[in-house]
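Architecture and fold: a report
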Amino acid sequence: MAAHCAAGDVDSELVFCASIGDDEQVRRRVYDGGANVNTLVRTLVSEGAKHQSTFAGHASSPWAQVSSRGLPKKLHYDDGLSPMMAAALGGNTGTVKLLLELNALPDSLNLANETALMMAAGSGKERVVQLLLQPGEDKSGQAMRPATADLADLYGFTALHKAANCGHAEVCRILVKNGASYSARDKANMTPLLLAAAQGRVGAVTVLLESGASADSRGAEGATALAVAAAQGRTGACIALLKGGATVDLTDEYGVTPLALAAEMGHTSTVTELLRFGAELDRRVLEEQRSAFHLACFGGHRDCAAELLRAGCDKSLVDSTGQTGLGLANLTGNGQVIAEQLEEVEQERLVALSVSICQLGLCSSRCVSVQIGLKFLCCTCCAVASVGT
């Protein structure tokens, strides 16, 4: 493992210069100062006022926190950075190429077992990722091995995990095309697709599915990518997964469906899309044998409960304790909220029924159509008659 550089060390200055893409300063520190291109430093030191004009204003640098008083003299990075990592984070393609020609190792690790490729992937630096994955030549003309695509950090994250987690779809495409595994799992048993789904990264989800990742891949406790997305309310990711072939009612190892998870968390738009793709409306889950409606009521999620009612769920179903959805809402102090929503949905249903009767010509000639709010047109006498019954 490389030794950490002391303040003022030329190696530390090399890393800083690489971070802002100053190739001339990189060459000077390597050729004139004898800096080590594979060093690992934790504290980066600028040359102070002498080079503030050179370093200031480089927004791409991970350490470009230039205040009104000038460039900080010391900047710290706990896990350590090599010149290559610093250049990759800054998106400095020319500097990366220069360092490779100077025999910098693309697979060198910091204290968290991260590589320059991982850092470039996680920060969306497409051109740097592409460059690191291509074979090249050093300054003597010798062939150089490209970066290894599937190295993992201390948490089991590969470069593809990092790109998927941050939603860098094009980086995901480049990595897979160059041999990165979409089946790799981190220490939490998450694949890149599962991470992308959990974060709602629709573009990354789409790219990974197009690249061959299974839409029904499972993670911890048997949760599918769809279940993970549904639990987080990532509606766009759910749609992408369902269009990509995900099974809408596939359960985890506890028998819980994505619809149940979305309802339990109150993600109404997600519930709507799962139902649109054919989710079983009244399926019971868990030991308590609760439907999605039970779970929405239990959590006090009135809009979600209403959406399930509009879809035709059976509100009279009882769980293993003998409770209906409204009964559970009463137990958790949400009874009034849910009861009001139930009444509103019932009124909607009756109004819709009266409109249908009117349109079929089965009502009295005395009918007058009026607008209720912004949503409904109803026939006054039919609606009154319907509500009255």
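For the chain, the helix and strand inventory stands at 20 helices and six strands. Sequence-distant contacts, at least 24 apart, represent 68% of the contacts inside the chain between residues at least 6 apart. As displayed, the chain has an accessible area near 17900 Å², and 50% of this comes from carbon and sulfur atoms.

Moving on: helix α5 (residues 93-101). Since the α-helix turns once every 3.6 residues, residues separated by three or four places project in the same direction. Among all positions of α5, only Thr 93, Thr 95, Val 96, Leu 98, Leu 99 and Leu 100 are buried. Structurally, α5 contributes buried residues whose contacts are with α1 (10-19), α2 (23-32), α4 (83-90), α7 (126-132) and β4 (143-144). Once α5 ends, the next one or two residues include Asn 103, with phi positive near 75°.

Take the packing of α4 against α5 next. Relative orientation of the contacting elements α4 and α5 amounts to 160°, with a least axis distance of 8 Å. When the axis of α4 is compared with that of α5, the two are roughly antiparallel. Remark: the crossing between α4 and α5 carries left-handed chirality. The residues of α5 that touch α4, namely those facing Pro 83, Met 84, Ala 87 and Ala 88, are Thr 95, Val 96, Leu 99 and Leu 100. For the contact of α4 with α5, the class distribution of residues is seven nonpolar, one polar and no charged.

Here we come to unusual backbone geometry. Phi angles above zero are rare outside glycine, and Asn 103 is one such case at about 75°. Residue class for Asn 103 comes out partly exposed when judged on its relative accessible area of 36%. Positive phi, normally seen in glycine, also occurs at Glu 221, with a value near 60°. Tracing the backbone through its elements, the reader meets Glu 221 in the loop between α11 (202-210) and α12 (225-232).

Here the structure, examined in full by the defined rule, presents twelve salt bridges. The salt bridge partner of Glu 24 is Arg 28, with a shortest N-O separation of 2.8 Å. Within this pair, Glu 24 and its partner Arg 28 are both found in helix α2, separated by four residues, close to a single helical turn. By relative accessible area, which is 45% here, Glu 24 ends up partly exposed. It is possible to trace a salt-bridge network through shared partners that takes in Glu 114, Asp 153 and Lys 162.

Moving on, we come to the layout of surface pockets. Within this model, the largest pocket holds a volume of roughly 250 Å³. Around the largest pocket sit Met 190, Ala 220, Glu 221, Ala 223, Ala 227, Val 228, Ala 231, Asp 252, Tyr 254, Val 256, Leu 261 and Leu 286, which together line it. Considering each element in turn, the lining of the largest pocket owes the most residues, three residues, to α12. Classifying every residue of the lining of the largest pocket gives ten nonpolar, no polar and two charged.

Our next topic: the nonpolar core. Proteins that are soluble and globular tend to have nonpolar side chains buried together. Within the largest apolar cluster, 97 residues are counted, with the highest numbers of intra-cluster contacts made by Val 129, Leu 175, Leu 241, Leu 274 and Leu 308. Dropping the residues within four chain positions of it, Leu 274 is found in contact with Leu 226, Ala 230, Leu 242, Val 248, Pro 258, Leu 259, Ala 262 and Ala 279.

The rules behind each value
- Numbers given for residues are sequential positions, taken from 1 along each chain in its written order.
- Since the coordinates come from a predicted model, pLDDT governs what is reported: local features require at least 70, and pairs of side-chain atoms require 80 or more to be given and counted, while whole-chain, interface and lining totals use all residues.
- Computation of side-chain values: all heavy atoms of the structure, hydrogens and water removed.
- A run of H or I in DSSP becomes a helix once it reaches four residues, and a run of E becomes a strand once it reaches two; helices and strands are each numbered from the N terminus.
- We call two residues contacting when some pair of their heavy atoms lies within 4.5 Å.
- Residue burial considers only the protein chains on display, and all accessible areas are found by Shrake-Rupley using a 1.4 Å probe.
- For every residue, the accessible area (1.4 Å probe, protein chains only) is compared with the maximum for its type, and the residue is labelled buried under 20%, exposed over 50%, or partly exposed between those bounds.
- Lines fitted to the C-alpha atoms define the axes, with helices restricted to the stretch that makes contact. Angles between their N-to-C directions range from 0 to 180 degrees.
- Each angle is binned into one of four classes, with values under 35 degrees roughly parallel, values over 145 roughly antiparallel, values of 65 to 115 roughly perpendicular, and all other values oblique.
- Helix crossings are classified by the rotation of the near helix relative to the far one: an anticlockwise turn of less than a right angle makes the crossing left-handed, while a clockwise turn makes it right-handed.
- Lys, Arg, Asp and Glu make up the charged group, whereas Ala, Val, Leu, Ile, Met, Phe, Trp, Tyr, Cys and Pro make up the nonpolar group; the residues left over, Gly among them, are polar.
- What counts as a salt bridge is simple: a side-chain nitrogen of Lys or Arg found within 4 Å of a carboxyl oxygen of Asp or Glu.
- Lining residues are those with an atom within 4 Å of a point, where the points come from a 1 Å grid over the protein atoms alone and group into cavities, where a 1.4 Å probe fits but cannot get out, or pockets, open sets with protein on both sides within 12 Å along at least five of seven lines.
- Grid points are joined across faces, edges and corners, and a volume is the space filled by probe spheres set on the points.
- To qualify as a nonpolar core, a set must consist of buried Ala, Val, Leu, Ile, Met, Phe, Trp, Tyr and Cys residues joined through side-chain atoms within 4.5 Å.

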